[in-house]
Amino acid sequence: MCSVMTETAVPSPPGQRLVSLDVLRGFDMLWILGMEEVGVALFKANNAPWVRFVAEQLDHATWAGFRFLDLIFPLFVFIAGVSLVYSTDKNVSVSGRRGAVIKLLKRALLLYVLGLLCYGGLSKGIDAVRWLGVLQRIAICGLAGGLAYLFLKERSRVILTVSLLLGYWALLALVPVPGIGAGHFAEGQNLTNWIDSQYLPGLKWDGNHDPEGLLSTLPAIATALLGVLAGGWLKHHPGSVWRKAAQLATAGAVLAALGWAWHPFFPVIKKIWTSSYVLVAGGYSLMLLALFLAIIDGWKVRRGLQPFLWIGMNPITLYLSHHFFNYSEVSTALLGGPVAGAFGAWGDVLIASGTVLLGIWLAWFLYSRKIFLRV
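Cut-offs and rules
Residues numbered from 1 in each chain as written. Predicted model: local features only at pLDDT ≥ 70, side-chain atom pairs only at ≥ 80, totals over all residues. Heavy atoms only, no water. Helix = DSSP H or I, 4+ residues; strand = E, 2+ residues; numbered from the N terminus. Rg over C-alpha atoms; globule rule 2.2 N^0.38 Å. Buried < 20%, exposed > 50% of the residue type's maximum accessible area, 1.4 Å probe, protein only. Contact = heavy atoms within 4.5 Å. 1 Å grid on protein atoms, 1.4 Å probe; cavity = no way out; pocket = protein on both sides within 12 Å on 5 of 7 lines; lining within 4 Å. Points joined across faces, edges and corners; volume = space filled by probe spheres on them. Nonpolar A, V, L, I, M, F, W, Y, C, P; charged D, E, K, R; others polar. Axes fitted to C-alpha atoms, helices over the stretch in contact; angles between N-to-C directions. Core = buried A, V, L, I, M, F, W, Y, C linked by side-chain atoms within 4.5 Å. Expected span 1.5 Å × (residues − 1). Polar contact = N/O pair within 3.5 Å; in protein donor to acceptor, adjacent residues only side chain to side chain. Salt bridge = Lys/Arg side-chain N within 4 Å of Asp/Glu carboxyl O.

### Brief notes about the overall build of the chain
The helix and strand inventory of the chain stands at 15 helices and two strands. In terms of C-alpha radius of gyration, the chain reaches 21 Å, essentially the compact-globule figure of 21 Å for 375 residues. By residue count, 50% of the 375 residues in the chain fall in the buried class. A separation of at least 24 residues holds for 73% of the contacts in the chain among residues at least 6 apart in sequence.

Here's what the structure looks like:
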């Protein structure tokens, strides 16, 4: 359940936490706090090749392909999987396996309900409810990953992950879509989109289908399982920080290479969370985890990384605040008008950057007062 940790109940000290994971989570969340709008503003301000490249990376691929922003959501699901290893082990030690299962169920239910509220809940009627969205996907994947960690051995988790990826590919490649046929991956012509159009009730984000839809939940669970596998390796296998970082980086490079090798046959597509996309995003996530592990827990670097830690300690709070509070309007009120005008074409970049800085300020405010909202 959701709880508030104050000065008398702070998170475990750094020695008992994987600090690199908190910092990586904060790095990931930073891009959710408005960096996409910074990219749009950059593109409007200057069409130089390097600006165009940065702006493109801060926007999603329209369908097939991969840009930096396409990594942010699966990276968060992956990190949630890594965290599950540490939190579930702690819950088992305190409450036993049954208690850990109950906590997983409560957390998933709360996240799911918060996800419904982010899109208006029942305020516009039952037909306008978005039953599957970002937090709902995190809730379902987290529950599945946690249960897999509790009840399956490492080898069985690997088999489950591979089975989900191959099974999803087989469904899309071999099961015919009525009126279209099998093996089509274009938008609106694939099995994933068709199932959403036929069986997913309520609001669907992309017309008659949803990027967080029914069938694509299966490979998304595989993303969480990759995180669980990485977390289990970090926590339970012997070896120095440097050895583990090297192993994670190598595994990440192999997964990314396999994903891109699969791309010509099963395209990398975020909006239907293809198996090749899982491998590419999972590979990059592993490499980022290795990098942050080396920097934070290996070299013990802290200077300049504090904002990531502030954000990483309150990710769900910051995510929800951006749904229920318009940071852009506040940034415009503070930096718009003559202030933005003084920067000419870069005024919109200033306002968009101000939106991100407001999120960082809130993260600092909560962190400095030892307020940590946990789900």
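### Looking at the environment of Leu 362
On the secondary structure map, Leu 362 appears in helix α15 (residues 347-368). Leu 362 gets classed as buried once you look at its relative accessible area, which sits at 18%. A sequence separation of 44 residues divides Leu 362 from Leu 318, and the C-alpha atoms of the two residues are 7.8 Å apart. Apart from the residues within four sequence positions on either side, Leu 362 is in contact with Leu 318, Ser 321 and Tyr 327.

### Comments concerning the layout of surface pockets
Looking at the second largest pocket, its volume works out to about 1,100 Å³. What lines the second largest pocket is a set of 39 residues, among which Ile 32, Glu 36, His 60, Tyr 319 and His 323 lie closest to the centre. Elements that contribute at least two residues to the lining of the second largest pocket include exactly α1 (19-32), α2 (35-45), α4 (72-118), α5 (134-151), α12 (315-324), α13 (327-335) and α15. The leading source of residues in the lining of the second largest pocket is α12, at five residues. Each residue belonging to the lining of the second largest pocket can be placed in one class, and the counts come to 23 nonpolar, seven polar and nine charged.

### Side note on the environment of Leu 225
Within the element layout of this structure, Leu 225 appears in helix α8 (residues 217-236). With relative accessibility at 0%, the residue Leu 225 sits in the buried group. Separated by 67 residues in sequence, Leu 225 and Val 158 place their C-alpha atoms 8.1 Å apart.

### With respect to the packing of helix α6 (residues 154-174) against helix α10 (residues 275-298)
Two elements in contact, α6 and α10, have axes separated by 8 Å at closest approach and are oriented at 145°. On α10, the residues that touch Leu 165, Tyr 168 and Trp 169 of α6 are Ser 275, Val 278 and Leu 279. Split into classes, the residues belonging to the contact of α6 with α10 amount to five nonpolar, one polar and no charged.

### Re the nonpolar core
The biggest cluster of nonpolar side chains holds 100 residues, and the ones touching the most others in it are Phe 78, Leu 135 and Leu 289. What Leu 135 contacts, discounting residues up to four positions off in sequence, is Leu 111, Leu 114, Gly 115, Cys 118, Ile 316, Tyr 319 and Leu 320. Core analysis: the second largest hydrophobic core is formed by eight residues, Val 85, Ala 100, Val 101 and Leu 104 among them.

### Quick look at α5
Over its 18 residues, α5 runs 26 Å from end to end, which matches the ideal 26 Å to within 8%, given 1.5 Å per residue. In terms of residue burial, α5 counts as a mostly covered element, since 13 of its 18 residues are buried.

### Focus on the side chain of Glu 212
Among the secondary structure elements, Glu 212 is positioned in the loop between α7 (191-199) and α8. Relative accessible area serves as the criterion here: at 5%, Glu 212 is assigned to the buried category. A distance of 2.8 Å separates a polar atom in the side chain of Glu 212 from a polar atom in the side chain of Arg 130. Once you skip the residues sitting within four places of it in the chain, Glu 212 turns out to touch Phe 73, Arg 130, Leu 132, Gly 133, Val 134, Arg 137 and Lys 270.

### Observations concerning the pattern of salt bridges
Under the counting rule described, the total for this entry stands at five salt bridges. In this structure, Asp 89 engages Lys 235 in a salt bridge whose closest nitrogen and oxygen atoms are separated by 3.2 Å. With Asp 89 in helix α4 and Lys 235 in helix α8, this pair connects stretches of sequence that are 146 residues apart. The class of Asp 89 is partly exposed, set by a relative accessible area of 22%. Here Lys 271 makes a salt bridge to Asp 206, at a shortest N to O gap of 3.6 Å. You can see Lys 271 sitting in the loop between α9 (241-262) and α10 and its partner Asp 206 sitting in the loop between α7 and α8, a full 65 residues away along the chain. Take Asp 206: its relative accessible area is 22%, and that puts it in the partly exposed class. Through salt bridges with shared partners, a single network forms among Arg 130, Asp 210 and Glu 212.

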